[in-house]
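# Descriptive structure summary
Letter by letter, the chains look like this.
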Amino acid sequence: MLYVALTALGLGLLAPFLRAWIWGVPLALFSTAMLLRAFFGELIVAFFAGGVLLVALPPPIAAAVGGGVTLLLSTLSARRNRHLRALALVAYRLGQADARDEARVALLEKLAKLRRSVPAKEHAEYALFAALPLSAVELWADARTVLETIAMDALTPEGRARALQALATVRLQASDLEGASEAFASIARPAEPAVERWVRAGEALLFAVQGAADEALALCPDENDADGALAATYDVVRAHAHASRDEEAEAVRALERVKHVAGDPGLRRAIGPVGPATDLARAMLAPDAAVPESDQADADA
């Protein structure tokens, strides 16, 4: 039994490193709970497998065979949906300030490797998946870089529309109005409803930041729907449109609704892309909620 116990302990200690290697993610990004699950999971399986084999085999052989079976099962388990699971882990860690820098680097490196190692369509799905958490923590430049690596021709019409809508959004955030307009124009219309509603909001914002108030307001719904992010986007559109007409009170009310629904991150969406309401939004922003330096540089470019 000693051989079996030592083998089980060794495999338990190896398990977290094996999973990190197979996933292509730094071990430091694994939570304590994940490390403990991997350790105890392998230890218990190896101990049970070796213990059963002791009935028919000498202890050293039982430990070796049980350990080999456990290692094989562990490898197969870790390889199942490994890229998606790795990206999900890193995306989760992006939301934690103490791990964000390391998670950002790991995510970009992972996607760069996937671009070289998997089919273009599969890479596109991973890139779209990763762009959302990058945008959520306002790493707009990184989200744009990721989206611009997608081979659009490899996607289905639905996937292409989703990718182009996301690309137009991050270009807008960087005040690349020409690039955003180009991406919107490349979307086959009407797109699927979930995409179409965001395309419409993006086009309204594009009009608004260029001072085309009438066109922008014509695209705004009479009442915002229950989607808080979409509602905030339309209120950003209204703020720019009213500011371009010198209707400052209306613009401020729209920005106040944005802050109520989406907080300071929502107000930052009125700072980049730069438009008529940008100065109003900047004045309303909390002093300790400044625009990230890299994204501010993009917005001012």
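Here's what I pulled together on the structure shown here.

Quick notes on the rules
Just so you know, the residues in each chain are numbered from 1, in the order the chain's sequence is written. In keeping with the predicted nature of the model, local features appear solely for residues at pLDDT of at least 70, side-chain atom pairs appear and are counted solely at 80 or more, and the whole-chain, interface and lining totals rest on all residues. The basis for every side-chain value is the complete set of non-hydrogen atoms in the structure, without hydrogens or water. Only one rule defines a salt bridge in this text: a Lys or Arg side-chain nitrogen within 4 Å of an Asp or Glu carboxyl oxygen. To qualify as a helix, a DSSP run of H or I must reach at least 4 residues; to qualify as a strand, a run of E must reach at least 2; elements of each kind are numbered from the N terminus. Relative accessibility under 20% of the residue-type maximum defines a buried residue, over 50% an exposed one, and the middle range a partly exposed one, all with a 1.4 Å probe and only protein chains included. Residue contacts are counted whenever heavy atoms from the two residues lie within 4.5 Å of one another. Note: the arc covers the axis-to-C-beta directions of the helix. To count toward a patch, a residue needs a relative accessible area over 30% and no salt bridge; like charges are then connected within 9 Å, while nonpolar side chains (Val, Leu, Ile, Met, Phe, Trp, Tyr) are connected within 5 Å. For every accessible area listed, the method is Shrake-Rupley and the probe measures 1.4 Å; residues are considered covered only by the protein chains on display.

## Observations regarding the pattern of salt bridges
Within the structure shown, the criterion is met by 15 salt bridges. The shortest N-O distance in the salt bridge between Glu196 and Arg189 comes to 2.7 Å. We note a salt bridge from Arg245 to Asp214, for which the minimum N-O separation is 2.4 Å. Taken together, the positions of Arg245 in the loop between α12 (228-244) and α13 (248-271) and Asp214 in helix α11 (residues 213-219) put the pair 31 residues apart, joining distant regions of the chain.

## Quick notes on the environment of Leu114
Counting through the fold element by element, Leu114 comes out in helix α5 (residues 100-117). The class for Leu114 is buried, based on a relative accessible area of 1%. It is 47 Å that separates the C-alpha atoms of Leu114 and Glu250, two residues lying 136 residues apart in sequence. With residues up to four places along the chain from it excluded, the contact list for Leu114 reads His83, Leu87, His123 and Tyr126.

## Description of unusual backbone geometry
The peptide bond linking Arg189 to Pro190 adopts the cis configuration, its omega dihedral lying at -5 degrees. In this fold, Pro190 is placed in the loop between α9 (177-185) and α10 (193-209). Cis rather than trans, the peptide bond between Gly272 and Pro273 has omega equal to 10 degrees. By the element assignment, Pro273 lies in the loop between α13 and α14 (278-284). Even without being a glycine, Ser175 presents a positive backbone phi close to 60 degrees. Mapped onto the fold, Ser175 is located in the loop between α8 (157-173) and α9.

## Some details on α9
Taken as a whole, α9 has its buried residues at Gly179, Ala180, Ala183 and Phe184. Down the axis of α9, the sector holding all buried residues measures 135 degrees, keeping them to one side. Of the exposed residues in α9, the ones pointing more than 90 degrees away from its buried face are Glu178, Glu182 and Ala185. Looking at the buried side of α9, the elements it contacts are α8 and α10.

## Observations concerning a nonpolar patch on the surface
Taken together, the side chains of Val45, Ile61, Val65, Val69, Leu72, Leu73 and Leu76 define a hydrophobic patch exposed on the protein surface, amounting to about 580 Å² of accessible area. Here the nonpolar patch gets six residues from one element, more than from any other, and that element is helix α3 (residues 59-79). Along the chain, Val65 falls in helix α3.

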